[in-house]
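# Fold and geometry: a report
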Amino acid sequence: MGVTTDGASVMTGSRVGLISQLRPWASKQFFQHHCAAHKLELSIYHAFEIFPFMQHLDKNINSLHKFYMSHAVKRKASLAQTSKALNLVFYELKRIYRIRWVASEVSALDVIRKSYYLLLTNLENIKSPSSGFDDESKATASGLLKTLQNVRYYSLHLFLMDILKLLEFESLQFQRAKGTFIGLQERHTNLIHSLETLKMNNGPRIVDFLASCKCRRVLGTADGYPQLEYHSGCHTRDLSYSNFACPSGPGSSDPTERFELKQPGSAADRSLRNRLFDASGRGSVVDMGAYPALDEIRSRIIDSIIDQLRNYFPEDDYSIFNVLNPVLLPNAETLHTVFKYSSRIIPLARRFGMEDDSSESETEDHLSDSDSRDADASERATERTISGQFGLLLKSLITSHSVDFCAYKGKGPVKFWSHFLETRTVEWLPRIKNLIMVVLTLPKSSAEAERGFSIYKHIAYDRRTRLAPKTLEHLLRIRINGPPLMKFKPDIYVNDWLKKHWRSDAPGGQRQKESNVDKENKDSDSDLLSGLF
């Protein structure tokens, strides 16, 4: 038996949790797994909670959402009017929730990135004396504007998006209904490698920001004061001390539609910081404000995430499943290594209580002495072990089903093994077939179950509380397991309903009797109804 749940105590509690109640009923070994998508969320949360500036960033995003979207009809209308005046797309601001998937956080950050020029313009209008807003709204707008104009905040915002985009893809893979543990370890290793590269290399959003914006450089000095000018071709180190002038949106060439991002601190502080740099931009950075320079924190953020990922996803935690990864299977050129490779199935079989009756060494003795024994006896000895069954299966797939073997090898483990399980010409021995079906059946995430509860809330909402349980079950089954709406052909069901149910134009709610003309034209009516769809 295998169960995948989140980490709630009602599920994993040692005394009254669901897992502890199920264990006595399991006849064989019990496989318990903490939802991979939830573990990823927990690793991100614990990686960020140690940094105060990350808490400031979350608080600022939620403050923007509250300012415009929570009991703020006038402010939201003002933002919509500004977007119309600037001919910009109006996006609904979103907030960050702790318990949501990574995609929710990415969406909240991306909306602010797309609306950055719009937000700066509208906040500037609200805080102006003639805006017509109350003093509290003006003060809040002034504080939000000061944060958004901070180049260090914006660079952290973009850097966080580059990180979360990588984690979002991994989270979506975990949430897939047809996911499997096969290949999970390899993807986890690739994710950590991709995060490591962000320590020294900028992600796509930072790269685009530096390429599209102009930064203020020190050209020289005159009378002891630096001469400043905006130049294109900015570098990562400019994020630590330079101001930036950026276009309002992608492809915008209007010089009047640009917004400026400044370094934190007062004018005197910025002047002092600029004097610390020579014409080449080298010098020491004065750290001011709630948001440090990106160069100072990027390695610490990445290291914290990787540490938490390794804590929640230990090394080699899923490596026993790699033996069923189609990409790693032997091919025609390495056919002689099939039985050596098949011995790697033993740890996986042992994990699910399907280990060999004989030891691994006895299996190898059977195979090494096969030349001196009768061929039939050797084959029977091989078939008695699960590693031998796996070796015979691989040999059959490589030699007798070479076309399908090569065609499905790159389509993922689920499609690969499902295809051969459904192919009648493949001779499956019982133990290896049972093991592969168990591995393919195990859910790696509880997202599908949670998705069912979300769909339930969409169907049985406050105005549909009298749905019968049977009707609700049918609606949920169709919504979750049914075909896409575009493939649904309603003409058959509409015709059947019109024949069997009450007519809307029947007097007194009685069924209207069919006339002779109706009976004669019954076939033509059916054809007409079918033609409508």
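The rules we used
Residues numbered from 1 in each chain as written. Predicted model: local features only at pLDDT ≥ 70, side-chain atom pairs only at ≥ 80, totals over all residues. Heavy atoms only, no water. Helix = DSSP H or I, 4+ residues; strand = E, 2+ residues; numbered from the N terminus. Disulfide = S-S within 2.5 Å. Buried < 20%, exposed > 50% of the residue type's maximum accessible area, 1.4 Å probe, protein only. Axes fitted to C-alpha atoms, helices over the stretch in contact; angles between N-to-C directions. Parallel < 35°, antiparallel > 145°, perpendicular 65-115°, else oblique. Left-handed = near helix turned anticlockwise from the far one by under 90°. Contact = heavy atoms within 4.5 Å. Phe/Tyr/Trp six-rings, centres within 6.5 Å; stacked < 30°, edge-to-face > 60°. Lys NZ or Arg CZ within 6 Å of the ring centre and 35° of its normal. Expected span 1.5 Å × (residues − 1). Patch = residues over 30% accessible without salt bridge, like charges linked within 9 Å, V, L, I, M, F, W, Y side chains within 5 Å. Areas by Shrake-Rupley, 256 points an atom, 1.4 Å probe, with all protein chains shown as cover. Salt bridge = Lys/Arg side-chain N within 4 Å of Asp/Glu carboxyl O. Lys, Arg positive; Asp, Glu negative; His and termini not counted. Charge placed at Lys NZ, Arg CZ, Asp CG, Glu CD. pLDDT = per-residue confidence, 0-100. Polar contact = N/O pair within 3.5 Å; in protein donor to acceptor, adjacent residues only side chain to side chain.

- The chain goes by HAT C-terminal dimerisation domain-containing protein in an unreviewed UniProt entry, where it is assigned to Macrostomum lignano.

### Section: the environment of E427
- When you line up the elements, E427 lands in the loop between α20 (413-422) and α21 (430-441).
- With 31 residues separating them along the chain, E427 and S396 place their C-alpha atoms 8.2 Å apart.

### With respect to the state of the cysteines
- For the structure shown, the criterion picks out two disulfides.
- Each sulfur of the disulfide joining C213 and C246 lies 2.2 Å from the other. Looking along the S-S bond of the C213-C246 disulfide, the torsion reads about 115°, which is the right-handed sense. Residue C213 is found in the loop between α11 (204-212) and β3 (214-222), and its partner C246 is found in strand β5 (residues 244-247); the two are separated by 33 residues along the sequence. Taken individually, C213 and C246 each receive the classification buried, so the pair is uniform in this respect.

### Observations concerning the packing of helix α3 (residues 36-48) against helix α13 (residues 294-312)
- Packing of α3 against α13 leaves a shortest axis separation of 8 Å and a crossing angle of 140°. Classified by the angle their axes make, α3 and α13 are oblique. Considering the relative orientation of α3 and α13, their crossing is right-handed. Residues K39, L40, L42, S43, H46, A47 and F48 of α3 touch α13, and the partners they reach there are I301, S304, I305, Q308, L309 and Y312.

### Some details on the packing of aromatic side chains
- Inspection of the entire model under this criterion finds 18 aromatic pairs.
- Each residue in the set Y116, Y117, Y154, F209, F244 and F259 is aromatic and connected to the rest through ring pairs, giving one cluster.
- Note that K74 overlies the ring of F133, its terminal NZ or CZ placed 4.8 Å from the centroid.
- Of note, R75 hangs over the ring of F67, and the distance from its end group to the ring centre comes to 4.5 Å.

### Topic: helix α7 (residues 116-127)
- Helix length check: α7, at 12 residues, gives a terminal C-alpha distance of 17 Å against a target of 16 Å (1.5 Å per residue), a fit within 8%.
- With respect to burial, α7 is a largely interior element, nine of its 12 residues being buried.
- Residues of α7 that are buried include every one of Y116, Y117, L118, L119, L120, T121, N122, L123 and I126, and no others.
- Residues of α7 that are buried in the fold lie against α4 (52-69), α5 (73-85), α6 (102-114), α8 (135-148), α9 (151-175) and β6 (258-261).

### Considering a positive patch on the surface
- Taken together, the side chains of R176, K178, K411 and K415 define a basic patch exposed on the protein surface.
- For K411, the location among the structural elements is in the loop between α19 (402-408) and α20.
- A residue is classified by how much of its surface remains accessible, and K411, at 46% relative accessible area, is partly exposed.

### Quick look at the pattern of salt bridges
- Taken as a whole and judged by the stated rule, the model has 11 salt bridges.
- A salt bridge links K76 to E92; its shortest N-O distance comes to 3.0 Å. Taken together, the positions of K76 in helix α5 and E92 in the loop between α5 and α6 put the pair 16 residues apart, joining distant regions of the chain.
- Classification of E92 by relative accessible area gives partly exposed; the value is 41%.
- When the shortest N-O distance is used, the salt bridge between R477 and E473 registers 3.0 Å. Taken together, the residues R477 and E473, both in helix α23 (residues 469-481) and four residues apart, mark about one turn of the helix.
- Overall, the relative accessible area of 48% leaves R477 in the partly exposed class.
- Salt bridges sharing partners connect three or more residues here, namely D110, R113 and K114.

### Focus on the confidence of the model for the chain
- Looking at the chain, the pLDDT average stands at 80 and 79% of residues meet or exceed 70.
- Low pLDDT (under 50) marks residues 266-288, which in the prediction has 45 contacts with non-local residues, meaning those over four places away or in another chain.
- Across residues 526-533, confidence stays below pLDDT 50; counting only partners more than four residues off in sequence or on other chains, it has nine contacts.

### What about the environment of N325?
- With respect to the helices and strands, the residue N325 is situated in the loop between α13 and α14 (338-342).
- Linking N325 and V414, residues 89 residues apart in sequence, is a C-alpha distance of 9.5 Å.
- Look past the residues within four positions of N325 in its chain and what remains in contact with it is I182, G183, E186 and Y341.
- Within polar-contact distance, the side chain of N325 engages the side chain of E186 at 3.4 Å.

### Some points on the environment of L329
- Position of L329 among the secondary structure elements: in the loop between α13 and α14.
- Residue classification places L329 among the buried positions, given a relative accessible area of 5%.
- Taking the C-alpha atoms as reference, L329 lies 9.3 Å from S342; in sequence the two are 13 residues apart.
- When neighbours within four sequence positions are excluded, L329 is seen to be in contact with V323, Y341, F390, L394, F405, K409, F416 and W417.

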